[in-house]
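# Structural characterization, general
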Amino acid sequence: MFSWLPVVLAQPRVTFVSVPNVQKVDVLFDGTLFTSFIYSENLKKPVLWPVITAGGNEITRNYPLKIKAGERADHPHHVGIWFNYGDVNGLDFWNNSETVPAERAGNYGAIYHQSVDYTEEGKGTGRLNTNSLWKDNQGEVLLEETAEFTFSVQGNARIIDRISTLKAVSGDVKMTDNKEGMFAIRVARELELPASGKIRVTGAQGNVVEADASAGLTSGNYLSSEGITGEAVWGTRARWMKLQGIINGERVAIVIFDHRGNAGFPAYWHARGYGLFAANPLGQKIFSNGAEEMNFVIKNEHAATFRYRLAVFSGDPSVEGIENLAKSFQNKL
């Protein structure tokens, strides 16, 4: 197993390139793309996509933004890395996408990027601050979100820290207990857990075809901070969760860290074998078989802050290395 060590590699310079005509900001490490902050309104929320390892491999699924034969063609709202929720004043922000029929649009909300307020470039770390509005289908603003993204490198880990503060601006906002949330990534096919049966995938021409789930190079496996592995991690609480696998011969791992300052800490994990990997701090009822329930409310003119770290490793980090990153995250914020 790869033993994570701090500061063993030269620190890259983190820079940002705004590309307003395609509604994105590229995040570069030494001039090479790491990820892009994409704020196209047709996605119904800002996302980070693609996300690329130090070895040049994409850990995020391409569908529905790009054709890649053999990828699962499901859940078009699962794009890159995102942050939203399934019940905000009764509206579903999580499942919204271009595929929602017009007659059902009233049941959904969307997040609209407003501005990039600050960028800071530097050796080994960079910061991007943004502002977004969570709106209902009539355009009324429910929440104003200020998000601070910090992109950094520590050893063999490329790290994204996200601090999002949600302020209620048009009355109380109820985030009713719901399975669908909240900080999430949809991963590449190679990082899915091995499965059987039939699935729908993208064909070579972009059409959707049926295929065997066992076909392909799926190699993923989960490990939680509580020592739980595989599909059994779904619906369990943990301080962090690791998903590791192999892409094009590169052993990689993704670790998402919850923060003790978040509501519902430690979060329940909505982590599926098919590639959805999410921390859900506010949905508890379904994960606990009804034993727990959390109906979170942000009072009018008040705010709530959520903090997450996602680390992309080249290699498979040890538990000790992950715990070191967890500790630094808890102490940093």
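Structure's up top.
Summary of the structure given here. (Residues numbered from 1 in each chain as written. Predicted model: local features only at pLDDT ≥ 70, side-chain atom pairs only at ≥ 80, totals over all residues. Heavy atoms only, no water.)

### Concerning the overall build of the protein chain
Helix and strand counts for the protein chain stand at one helix and 21 strands. Principal-axis analysis of the C-alpha atoms gives the protein chain an extent of 50 × 45 × 45 Å. Across the 333 residues that make up the protein chain, the buried fraction comes to 57%. Of the roughly 13300 Å² of accessible surface on the protein chain, 48% is carried by carbon and sulfur atoms. The centroid of the 33 positive side-chain charges in the protein chain is displaced by 2 Å from the centroid of its 36 negative side-chain charges. (Helix = DSSP H or I, 4+ residues; strand = E, 2+ residues; numbered from the N terminus. Buried < 20%, exposed > 50% of the residue type's maximum accessible area, 1.4 Å probe, protein only. Areas by Shrake-Rupley, 256 points an atom, 1.4 Å probe, with all protein chains shown as cover. Lys, Arg positive; Asp, Glu negative; His and termini not counted. Charge placed at Lys NZ, Arg CZ, Asp CG, Glu CD.)

### Things to note about the sheet that holds strand 8 (residues 125-135)
Sheet architecture is open: eight strands sit in the order 6-8-9-10-21-17-16-15, paired in antiparallel fashion. Among the strands making up the open sheet, the edge pair consists of strand 6 (110-120) and strand 15 (221-224). Taking the axes of each pair of neighbouring strands and ignoring which way they run, one obtains an average angle of 20 degrees across the sheet. The pairing of strand 10 (residues 157-168) with strand 21 (residues 303-314) spans eleven bridges and is classified as antiparallel. Looking across to strand 21, one finds that D161 is bridged to R309. The strands that helix 1 (residues 319-332) touches are strand 9 (141-154), strand 10, strand 15, strand 16 (240-247), strand 17 (250-257) and strand 21; relative to strand 21, the one it contacts most, it runs at about 150 degrees. (Pairing = 2+ DSSP bridges. Axes fitted to C-alpha atoms, helices over the stretch in contact; angles between N-to-C directions. Contact = heavy atoms within 4.5 Å.)

### Concerning the environment of V51
Of note, V51 is situated in strand 4 (residues 47-51). By relative accessible area, which is 0% here, V51 ends up buried. As a C-alpha pair, V51 and G109 span 58 residues in sequence and 26 Å in three-dimensional space. Residues within four places of V51 in sequence aside, it is in contact with F34, T35, N57, E58, I59, T60, I81 and V312.

### Some words on the packing of aromatic side chains
This structure, assessed with the given rule, holds 16 aromatic pairs. Relative to Y39, the ring of F37 lies with its centre 6.1 Å away and its plane at 35 degrees, an arrangement referred to as tilted. Considered together, F37 and Y39 belong to a single accessibility category, that of buried residues. Through successive ring pairs, a cluster of aromatic residues spans F16, F29, F34, F37, Y39, F149 and F151. Its guanidinium or amino end placed over the ring of W82, K45 lies 5.3 Å from that ring's centre, counting from NZ or CZ. Directly above the aromatic system of Y112 lies the positively charged group of K135, at a separation of 5.1 Å from the ring centroid. (Phe/Tyr/Trp six-rings, centres within 6.5 Å; stacked < 30°, edge-to-face > 60°. Lys NZ or Arg CZ within 6 Å of the ring centre and 35° of its normal.)

### Focus: the pairing of strand 8
Of all eleven residues making up strand 8, nine are buried, and the element is well covered by its neighbours. Of the strand pairs in this sheet, strand 6 and strand 8 are connected by nine bridges, and their pairing is antiparallel. Residue pairing across strands places H113 opposite S132, the latter belonging to strand 8. Two strands pair when backbone bridges link them, and strand 8 and strand 9 are joined in this way by eleven bridges, in the antiparallel orientation. The residue of strand 9 that forms the bridge with T130 is A147.

### Overview of helix 1
The end-to-end C-alpha separation of helix 1 is 20 Å, in line with the 20 Å expected for 14 residues at 1.5 Å each. When helix 1 is considered as a whole, its buried residues turn out to be G321, I322, L325, A326, F329 and Q330. Contacts from the buried residues of helix 1 go to strand 9, strand 10, strand 16, strand 17 and strand 21. (Expected span 1.5 Å × (residues − 1).)

### Brief notes about unusual backbone geometry
Of note, the bond from G181 into M182 is cis; its omega dihedral lies within 30 degrees of zero at -5 degrees. Between F265 and the following residue, P266, the backbone shows a cis peptide bond with an omega angle of -10 degrees. Note on placement: P266 falls in the loop between strand 17 and strand 18 (268-271). The residue N89 is not glycine, and still its phi comes out positive at about 50 degrees. Mapped onto the elements, N89 comes out in the loop between strand 5 (81-85) and strand 6. Under the relative-accessibility criterion, N89 is labelled partly exposed at 34%. Unusually for a residue other than glycine, E301 sits at a positive phi of about 70 degrees. Tracing the backbone through its elements, the reader meets E301 in the loop between strand 20 (296-298) and strand 21.

### A few points about the side chain of D161
With respect to the element layout, D161 can be found in strand 10. In this structure the side chain of D161 is engaged in a polar contact, spanning 2.6 Å, whose partner is the side chain of R309. (Polar contact = N/O pair within 3.5 Å; in protein donor to acceptor, adjacent residues only side chain to side chain.)

### Section: the side chain of T60
Mapped onto the secondary structure, T60 falls in the loop between strand 4 and strand 5. We classify T60 as buried; its relative accessible area is 1%. A distance of 3.1 Å separates the side chain of T60 from the backbone nitrogen of V51, its partner in a polar contact. Residues within four places of T60 in sequence aside, it is in contact with W49, P50, V51, G80, I185, R186, V187 and A188.

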